[in-house]
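Summary of the model geometry
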Amino acid sequence: MSRITTFVAAFALCAAAHAATPFVDVGKQEPITILTPSTPWLPAFTKIVETYEEQTGNKVKLDVNPFGAVLEKARNDLRGSGGAYDAVLLDTQWTIEMYEGGFLSPFADIDSAFTPPKELLTYDDSGYWNEQKRWRTSKGGKLMAFTVLGNVPVWYYRTDVLKDAGVAPPKTIPEVLASCAKLNKPPSTYGAVLRGERGNPIRYEWQQWMLSRGATVVRDAENGDFTVTINSPQSKAALDDYIEVAKKCGPPNPGAVGQGDVIQLLSTGKAVQGQLVLAAWANFQDPKKSAVVGKIAVVPLPRAADGKTAAVIGNWNYAIPKGISPAKKKSALAFAKWLMSYDAQYAFAKAGGIPNRTDVLASDLTKDPNFSWMPAYLETLKTARQELGYAEGAQVEQALGLRLNQALIGEMSSGKALNQAAQDIKDIFEKNKRKTGLGPPLPE
Amino acid sequence: MIAVRRPRTLAGWINATFRHWSLLPAVILFAALTAYPAVDLARMSVSTITWQGAQDFWTFTPRRNFEALMSDPSLSAAVVNTLVFVAAAVVVEMVLGLALALLVGRMVRGKGAMRTIMIVPILVPAVAIGSMFKLMYNYDFGLFNQALAVVGLGPVSWLGSPSLALWSVVIVDIWHWTPFVFLIMFAAVEGLPQDVIEAGHVDGASPWQLLRYVTLPLLMPALTVAFLFRSILAFKAFDEVYLLTGGGPGTSSELLSLHLYRVFFEQNQLGYGALLSVLTMVAILTALALGRRVARKVRR
């Protein structure tokens, strides 16, 4: 009996010791505050932060804000005297402004020996900044941030409905249209839903289709050629595809469909397919929120008939402000090192997050039905890229997002919308004295 | 002729000047919190601000900001929509608010309860109102379309139709702010001199004549105040349109304040955003001055 007791006690001690062992030993650090967005993956991030605190005894405070407020708070803090935040989570679109403004500390300036793990995904070098080239690239660039959550859009579909209808998950746009012809029964069921809201929603979603056709917004931004190419025949074909699918397969108000609507339509079972970011996955797995638990799967986005699979990355980057004390910077980097570790990313995935390491994405988790999205995610990442990676990105997004929406709601033809967008975008670059120009106009 | 007595003693001088000097803290506070930001905004409106090495650099570029104003593709739609929004929302709110105030004013019992009920929409945060109406306007699951379905009418794309989106926002604004007009008008109705109205009755005036020639002229000061307040607030409407339509579809519900937000915060064009802010303030002040002149003429 006493042997058993001793064994149990020893086992419990070992288990406790193991539980208390940090994934990475970062030592005692100063408390830090992280500016954090209120996003679908926030619960997972909160949980992983709690694990960090339990394991290391170091304190991390999350200042959680709605999407738009994060940028405002980051600007106010970083442009001012700073000090409110020791780390900031920034949408990749906003990072250019922070890199160019010189508001962030390169990780190597905090710890010259620091190198990120080779398994860490770079998401098209979104965390690197080459100051001379004014471009996000690891070639000659410094590591300014790393991705906490790398989002890409994927194609969600109802496994049961498609199976019953004898329809395979679509790989091309024509297959999407063919599936819609069978599955679309409005107003009770929509064959497929796409975001069409003006601004970021339609710009982001449509650009996947644009890239699939091989079209670009500008000729070669990386090398300083900002000649606007958005009004190309390839772009027009992509926009025509997008409008056709949105109108033939989705609700009759395509220009007002936002992310919340797509999630709502899919989770209530009213839509059977849809293009949506992977971070929304958890919404369909919770029986309290979803009527389709266990009936949803994802595949990489369908491509144009003669195009390639493509995706635009929309990630959240963890960066450390320049204006804080060295001790706070060290502490913020310590948390980053811990968070980049295999075990932390494994735990993050288990908590509902999207891990940023290839080894976690290829781990035993892939066998778990809750993580059935992992193969599609890895496949999508092979061709996924950053877009609008220049200082004028936010303005370009607004200009493009307006014209695309106007084409979708029928206010103007796709050709006119893209010509107009091209002119608007050229004006933006011209004001900033970029080398720019305009391709031949499309027939309107 | 009025004789001004000058203080002859030190105590008298202190007494006479203290009341002026005592205003100094308030003046300093006003300058710090209002005048300085206003001057800074004006300076920003003729500048381009860039950031390098965590430092801000201001360059004097008034022409550039005016060029941005002239070439802004959404500005004209924002101005027209704002004028339509202000005119439609304020007129309906004034008529409804006045009508409700007159009706409740005639009630013998339950006036307090009515006043309390009417306050509720004002107390609800704009964010909650936006979310609530977004759900009610929802094409597939919304209350309005479900109600229409009950009477055999097809679903309406309240927020997705370019011709309806702005009006859907106007309806929400009316729901939100009619109680504000009601409260001002109700206080005025309660304060109407009953002897004048009774005299009208005695003279044989019809209810319409009483309203047209007695009640409305007496309510004119309150109507003017309510009208000016509501016009200014309607000019600045943001939350509802931001949450309901985001200015879309297209530019069909783009309002000036929302456009300003986009320019300032989403596009990070600080100089042009400041110029738009200054021009919006000037427009509101001009409208205010015109409104006061018209009101004065009407009162005469």
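Residues numbered from 1 in each chain as written. Chains lettered and ligands numbered in written order. Predicted model: local features only at pLDDT ≥ 70, side-chain atom pairs only at ≥ 80, totals over all residues. Heavy atoms only, no water.

What follows covers the overall build of chain A. Secondary structure assignment for chain A yields 16 helices and 15 strands. Across its three principal axes, chain A shows a C-alpha extent of roughly 85 × 55 × 30 Å. Looking at the 444 residues of chain A, the share that counts as buried comes to 58%. In chain A, the share of contacts with a sequence separation of at least 24, taken over all contacts with a separation of at least 6, comes to 74%. Split by element, the accessible area of chain A, about 17600 Å² in all, is 54% carbon and sulfur. Considering chain A, the positive charge centre built from 50 side chains and the negative charge centre built from 45 side chains are found 2 Å apart. (Helix = DSSP H or I, 4+ residues; strand = E, 2+ residues; numbered from the N terminus. Buried < 20%, exposed > 50% of the residue type's maximum accessible area, 1.4 Å probe, protein only. Contact = heavy atoms within 4.5 Å. Areas by Shrake-Rupley, 256 points an atom, 1.4 Å probe, with all protein chains shown as cover. Lys, Arg positive; Asp, Glu negative; His and termini not counted. Charge placed at Lys NZ, Arg CZ, Asp CG, Glu CD.)

All names here are of chain A. Position of isoleucine 320 among the secondary structure elements: in the loop between strand E13 (314–319) and helix H11 (326–340). Of the residues examined, isoleucine 320 reaches a relative accessible area of 0% and is grouped as buried. Excluding anything up to four places from it in sequence, isoleucine 320 contacts Asp86, Leu104, Ser105, Phe107, Ile110, Met144, Lys329, Ala332 and Leu333.

Our focus in this paragraph is the packing of aromatic side chains. One pass over the full model with this rule turns up 39 aromatic pairs over all chains. On the basis of an interplanar angle of 50° and a centroid distance of 5.3 Å, the ring pair of phenylalanine 146 of chain A and tyrosine 318 of chain A is categorised as tilted. Residue phenylalanine 146 of chain A is found in strand E6 (residues 145–151), and its partner tyrosine 318 of chain A is found in strand E13; the two are separated by 172 residues along the sequence. Comparing phenylalanine 146 of chain A with tyrosine 318 of chain A, the two get one shared label, buried. Sitting above the plane of the tryptophan 58 of chain B ring, arginine 43 of chain B keeps its charged end 4.1 Å from the centroid. (Phe/Tyr/Trp six-rings, centres within 6.5 Å; stacked < 30°, edge-to-face > 60°. Lys NZ or Arg CZ within 6 Å of the ring centre and 35° of its normal.)

Once that is clear, we can look at the interface of chain A and chain B. Taken together, the contact pairs 35 residues of chain A with 35 residues of chain B. Across the interface of chain A and chain B, roughly 2700 Å² is buried in total on both sides, 50% from carbon and sulfur atoms. Three residues stand out in chain A for area buried against chain B, namely Arg79, Arg198 and Lys431 of chain A, and they jointly supply 22% of the buried area on that side. Here chain A and chain B share three salt bridges between them. (Buried area = accessible area lost by both parts, 1.4 Å probe. Salt bridge = Lys/Arg side-chain N within 4 Å of Asp/Glu carboxyl O.)

Residues and elements named next belong to chain B. Taken domain by domain, chain B comprises domain 1 (10–63) and domain 2 (73–299). Averaged C-alpha coordinates put domain 1 and domain 2 at centres separated by 33 Å. Each partner contributes to the interface: domain 1 provides seven residues, whereas domain 2 provides eight residues. With both chains or domains summed, domain 1 and domain 2 bury close to 570 Å², and 81% of this area falls on carbon and sulfur atoms. (Domains from an automatic or database assignment.)

The next subject is the domain arrangement of chain A. Residue and element names in this part refer to chain A. As assigned here, chain A comprises domain 1 (2–150 + 314–372) and domain 2 (153–312 + 388–431). Using C-alpha coordinates to define each centre, domain 1 is positioned 30 Å away from domain 2. Interface of domain 1 and domain 2: buried area, both sides summed, is about 1300 Å²; carbon and sulfur atoms make up 55% of it. Inspection of the domain 1/domain 2 interface yields one salt bridge. A salt bridge links glutamate 222 to lysine 133, with the nearest nitrogen and oxygen atoms 3.4 Å apart. The interface formed by domain 1 and domain 2 includes three residue pairs in polar contact (both at pLDDT 80 or more). Ranked by the residues each element gives to the side of domain 1 that touches domain 2, the list is headed by helix H4 (residues 92–101), at three residues. The residue makeup of the side of domain 1 that touches domain 2, split by class, is seven nonpolar, four polar and four charged. (Polar contact = N/O pair within 3.5 Å; in protein donor to acceptor, adjacent residues only side chain to side chain. Nonpolar A, V, L, I, M, F, W, Y, C, P; charged D, E, K, R; others polar.)

With that settled, the discussion passes to the side chain of threonine 137 of chain A. All names here are of chain A. Mapped onto the elements, threonine 137 comes out in the loop between strand E4 (128–129) and strand E5 (142–143). Polar contacts involving the side chain of threonine 137 include one to the main-chain amide nitrogen of lysine 139, which spans 3.0 Å. Apart from residues lying up to four places away in sequence, threonine 137 is in contact with Asp125, Tyr128, Trp129 and Asn130.

What follows is about unusual backbone geometry. Cis geometry marks the peptide bond from proline 186 of chain A to proline 187 of chain A, where omega comes out at 5°. Position of proline 187 of chain A relative to the elements: it lies in the loop between helix H7 (173–183) and helix H8 (200–212). Following glycine 248 of chain B, the chain continues to proline 249 of chain B via a peptide bond in cis, the omega torsion being -10°. As for its placement among the helices and strands, proline 249 of chain B is situated in the loop between helix H11 (239–244) and helix H12 (256–266). Phi is positive for arginine 134 of chain A, close to 55°, though the residue is something other than glycine. Tracing the backbone shows arginine 134 of chain A in the loop between E4 and E5. Look at alanine 54 of chain B: it is not a glycine, yet its phi comes out positive at around 60°. Positionally, alanine 54 of chain B belongs in the loop between strand E1 (47–52) and strand E2 (55–60).

Residue and element names in this part refer to chain A. If you look at the biggest cluster of nonpolar residues, it comprises 97 residues, and the most contacted ones within it are Phe45, Tyr156, Tyr318, Phe335 and Trp373. Broken down by element, this core gets its largest block of residues, eight residues, from H11. Here phenylalanine 45 is in contact with Thr36, Leu62, Leu89, Val148, Phe335, Leu339 and Phe348, once residues within four sequence places are set aside. Core analysis: the next-biggest nonpolar cluster, separate from the first, contains 56 residues, Leu211, Leu239, Val312 and Ile425 among them. (Core = buried A, V, L, I, M, F, W, Y, C linked by side-chain atoms within 4.5 Å.)

As for its placement among the helices and strands, leucine 123 of chain B is situated in helix H5 (residues 111–123). In sequence terms leucine 123 of chain B and histidine 176 of chain B are 53 residues apart; their C-alpha atoms lie 9.1 Å from each other.

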